[in-house]
Amino acid sequence: MSLTSALKARKGCPTFWHHLPGSCRLTTAVRTSTFVPPCPPSDPRDVERLQAFVSRARRLFVLTGAGISTESGIPDYRSEGVGLYARTDRRPVLHAEFVRSAKAQQRYWARNFVGWPRFSSRQPNAAHVALWGWEAAGRLHWLVTQNVDALHTKAGSRRLTELHGCIHRVFCLSCGDRTPRAELQERLEALNLAWRAEAHSVAPDGDVFLTEEEVLSFRVPTCAKCGGHLKPDVTFFGDNVGKEKVDFVFQRLAESDAVLVAGSSLQVYSAYKFALAAQDRKLPIAIVNIGPTRSDHLASLKLNSRCGELLPLIDPQ
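Residues numbered from 1 in each chain as written. Predicted model: local features only at pLDDT ≥ 70, side-chain atom pairs only at ≥ 80, totals over all residues. Heavy atoms only, no water.

Re the sheet that holds strand β4 (residues 165-172)
A sheet is described by the order of its strands in space; here three strands give the open sequence β5-β4-β6, paired in antiparallel fashion. Strands at the two margins of the open sheet, each flanked by one partner only, are β5 (178-180) and β6 (230-234). If you compare each strand with its neighbour and ignore which way they point, the axes differ by 45° on average. With four bridges joining them, β4 and β6 adopt antiparallel strand pairing. Bridging across to β6, Val170 finds its partner in Pro232. This element, helix α9 (residues 181-191), spans β4, β5 and β6 of the sheet and lies at about 75° to β5. (Pairing = 2+ DSSP bridges. Helix = DSSP H or I, 4+ residues; strand = E, 2+ residues; numbered from the N terminus. Axes fitted to C-alpha atoms, helices over the stretch in contact; angles between N-to-C directions. Contact = heavy atoms within 4.5 Å.)

Describing helix α11 (residues 243-254)
For α11, spanning twelve residues, the distance from its first C-alpha to its last is 16 Å, which sits close to the expected 16 Å at 1.5 Å a residue. Of the residues making up α11, those classed as buried are Val246, Val249, Arg252 and Leu253. The arc that holds the buried residues of α11, viewed along the axis, is 120°, so those residues lie on one side. Facing away from the buried surface of α11 by more than 90 degrees, the exposed residues are Lys243 and Glu244. (Expected span 1.5 Å × (residues − 1). Buried < 20%, exposed > 50% of the residue type's maximum accessible area, 1.4 Å probe, protein only. Arc of directions from axis to C-beta.)

Digging into the pattern of salt bridges
Under the criterion given, the structure shown has eleven salt bridges. Note that Arg306 is salt-bridged to Glu71, the shortest N-O span being 2.8 Å. With Arg306 in the loop between β9 (301-303) and α13 (307-310) and Glu71 in the loop between β1 (60-64) and α4 (84-87), this residue pair connects regions lying 235 residues apart in the sequence. The exposure class of Arg306 is buried, given its relative accessible area of 15%. Among the ionic pairs, Arg178 bridges to Asp233, the shortest N-O distance being 2.9 Å. Placement of Arg178 in strand β5 and of Asp233 in strand β6 is noted, with a sequence separation of 55 residues between them. Bridged by salt links that share partners, the residues Glu162, Arg169, Arg178 and Asp233 form one connected network. (Salt bridge = Lys/Arg side-chain N within 4 Å of Asp/Glu carboxyl O.)

A short note on the packing of aromatic side chains
Using the criterion set out here, one finds eleven aromatic pairs in the structure. Here the aromatic rings of Phe113 and Phe218 are separated by 5.5 Å at their centres, their planes lie at 45°, and the arrangement is tilted. Of this pair, Phe113 sits in helix α6 (residues 102-120) while Phe218 sits in the loop between α10 (212-215) and β6, and the two are 105 residues apart along the sequence. By relative accessible area, which is 4% here, Phe218 ends up buried. Judged by centre distance (5.4 Å) and plane angle (70°), the ring pair of Trp142 and Phe248 falls under edge-to-face. With a gap of 106 residues between them, Trp142 in strand β2 (residues 140-145) and Phe248 in helix α11 connect regions that are remote in the sequence. Residue classification places Phe248 among the partly exposed positions, given a relative accessible area of 34%. (Phe/Tyr/Trp six-rings, centres within 6.5 Å; stacked < 30°, edge-to-face > 60°.)

Some remarks on the nonpolar core
If you look at the biggest cluster of nonpolar residues, it comprises 27 residues, and the most contacted ones within it are Leu50, Leu60, Leu131, Trp134, Leu260 and Leu311. Those elements giving two or more residues to this core turn out to be α3 (44-56), β1, α7 (126-136), β2, β7 (258-262), β8 (285-288), β9 and α13. Among all residues touching Leu311, those that are not within four sequence positions of it are Leu50, Ile68, Ala127, Ala130, Leu131, Trp134, Leu260 and Ala262. Val93, Val208, Phe218 and Val234 belong to the second-largest nonpolar core, a separate cluster that totals 25 residues. (Core = buried A, V, L, I, M, F, W, Y, C linked by side-chain atoms within 4.5 Å.)

A short note on the side chain of Arg139
Structurally, Arg139 can be placed in the loop between α7 and β2. Buried and unpaired, Arg139 has Asp315 as its nearest opposite-charge partner, separated by 7.0 Å. Once you skip the residues sitting within four places of it in the chain, Arg139 turns out to touch Val54, Ser55, Ala57, Arg58, Arg59, Leu60, Trp134, Pro316 and Gln317. (Lys, Arg positive; Asp, Glu negative; His and termini not counted.)

Pasting the structure below:
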């Protein structure tokens, strides 16, 4: 049986399928991606073990990372052989560099402008839809994602915290006004009608690599309300997640009785600390991820598997 057939056959899943949000066009679940590291097929025993873990939970806390979105064609940073760090020596923009340097802002927005049409068109895969199904069935208490791609939202998830923000929003560093990223794309197009650039490779978080020469003539608009500098509504490397958001997530964790980590190596402390807190509360932890994670020693169940292959096979009822 194919993965899609198995998903539809699961109890309750036809309801999830027919009520998929109109804006969501599911990425084919079995499609392989150049950004997904090699991984053997899921062992049927792994399905049984994860099913038992999920069935025991009544208020499941799920933490997802970039590995859940690679199957939608969005690259990550750390995957062996295929992540950004393996493919290039380039590194993501740092928060301090962005807020202090007009040149860094120009470089970022030029790259993001070119990459935005492709990035914003990415759609949820079977893993995103499966987690939405768990929420609809009442099994998933809260979902926290490290990703900024909005794919959980596109899949229909509502009990959701975007820990590092969402790149589909833009905010002003001066007045704090927030606007949709799609509106900024229109303003960027109007300012750069004659500008041309060739993307050299794709990077995570919605941008591409350009040469310094290509970036030099790119024009960046300012805030329409106050004239301040604009920044994507995401937490860049070197910045901290806001205390209010962190406290909110800790509260949701305190209400939960089990934790599932899906598609994250938990190398970033802003996510790893929730695994540590779960251990302190003696909550059982399961991890589904290709390759080792920072929290393998904390987990009662670790499965080396693609999220898009394994999660849809779990019955949330």
